[in-house]
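Chain and residue survey
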Amino acid sequence: MITVDCRAMPSLKSPLAVYTSDQVGAIPALKIHEFMLAPLSDEGVDAARVIKAIKDFLNSVSIETHFAVIQNKNVISIVALDDFKLEIPPANPTDQFFSCVHCGHVTQFETVHNNHMKIHYL
């Protein structure tokens, strides 16, 4: 499992997690200032592929010169090199997701979650 620390760019944490997990074939788990990548198989997640995916993402949004990607064992940190401030507002007002405690179903809509939970109690 690899942890990616995104403190320097919190507004891009979610899109970066989705892009990186798609590129390396891993399952992302979002946390407050970071996300974790769990492998789909027993092979593990290749840190070199994760770093390449992060650099490709930074390049795609034209901010690669303002950030460095540093690896320390199983933690990859994205560090700001200058006082560059991201002017990108978060896509959603919140990153709130609702997860079913019984089966793991995830949705960002509370009404969908409530209706799903009723299925387990029929």
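That block above? That's the structure.
Everything numeric in this text was worked out from a predicted model, so none of it was measured.

1. With respect to the side chain of H66
Residue position: H66 is located in the loop between α2 (47-60) and β4 (67-72). Side-chain polar atoms of H66 contact the side chain of D82, separated by 2.8 Å. Ignoring any residue separated from it by four or fewer positions in sequence, one finds H66 in contact with V79, A80, L81, D82 and F84.

2. With respect to the pattern of salt bridges
Here the structure, examined in full by the defined rule, presents three salt bridges. One salt bridge connects D5 with R7, and the closest N-O pair in it is separated by 3.4 Å. Taking relative accessible area as the criterion, D5 reaches 15% and is therefore assigned buried. The salt bridge involving K31 is made with E34; its shortest N-O contact spans 3.6 Å. Residue K31 is classed as partly exposed on the basis of its relative accessible area, which comes to 42%.

3. Side note on the environment of V18
Secondary-structure assignment places V18 in helix α1 (residues 13-24). Of the residues examined, V18 reaches a relative accessible area of 48% and is grouped as partly exposed. Taking the C-alpha atoms as reference, V18 lies 10.0 Å from F35; in sequence the two are 17 residues apart.

4. Comments concerning the sheet that holds strand β3 (residues 34-39)
Each strand in a sheet pairs with its neighbour through backbone hydrogen bonds, running either in the same direction (parallel) or in the opposite one (antiparallel). Strand order across the open sheet formed by five strands is β2-β3-β1-β5-β4, with mixed pairing between neighbours. Unpaired on one side and paired on the other, β2 (26-30) and β4 mark the two borders of the sheet. Neighbour to neighbour, the strand axes of the sheet diverge by 20° on average, direction disregarded. Examined bridge by bridge, strand β1 (residues 2-5) and β3 share four bridges and lie antiparallel to one another. Along β3, the bridge assignment pairs I2 with L37. Contacting β2, β3 and β5 (75-80), α1 crosses the sheet at an angle of about 15° to β3.

5. So, unusual backbone geometry
Look at S62: it is not a glycine, yet its phi comes out positive at around 60°. Along the chain, S62 falls in the loop between α2 and β4. Positive phi, normally seen in glycine, also occurs at K73, with a value near 60°.

6. Some remarks on the nonpolar core
Grouped together as the largest cluster of nonpolar side chains are 24 residues, with contacts concentrated most on V4, M9, L16, V50, I54, I76 and I78. Elements supplying a minimum of two residues to this core: β1, α1, β3, α2, β4 and β5. Here the element with the most residues in this core is α2; it accounts for six residues. Every residue in contact with M9, bar those within four places of it in the chain, is listed here: L16, F57, L58, F67, I78 and L86.

7. Let's talk about the packing of aromatic side chains
By the definition in use, this model includes one aromatic pair. For the pair Y19 and F57, a centre-to-centre distance of 5.8 Å together with 45° between the ring planes defines the contact as tilted. Of the two residues, Y19 sits in helix α1 while F57 sits in helix α2, which places them 38 residues apart along the sequence. Judged by relative accessible area, which is 28%, Y19 ranks as partly exposed. With relative accessibility at 7%, the residue F57 sits in the buried group.

Cut-off values and rules
- Residues numbered from 1 in each chain as written.
- Predicted model: local features only at pLDDT ≥ 70, side-chain atom pairs only at ≥ 80, totals over all residues.
- Heavy atoms only, no water.
- Helix = DSSP H or I, 4+ residues; strand = E, 2+ residues; numbered from the N terminus.
- Polar contact = N/O pair within 3.5 Å; in protein donor to acceptor, adjacent residues only side chain to side chain.
- Contact = heavy atoms within 4.5 Å.
- Salt bridge = Lys/Arg side-chain N within 4 Å of Asp/Glu carboxyl O.
- Buried < 20%, exposed > 50% of the residue type's maximum accessible area, 1.4 Å probe, protein only.
- Pairing = 2+ DSSP bridges.
- Axes fitted to C-alpha atoms, helices over the stretch in contact; angles between N-to-C directions.
- Core = buried A, V, L, I, M, F, W, Y, C linked by side-chain atoms within 4.5 Å.
- Phe/Tyr/Trp six-rings, centres within 6.5 Å; stacked < 30°, edge-to-face > 60°.

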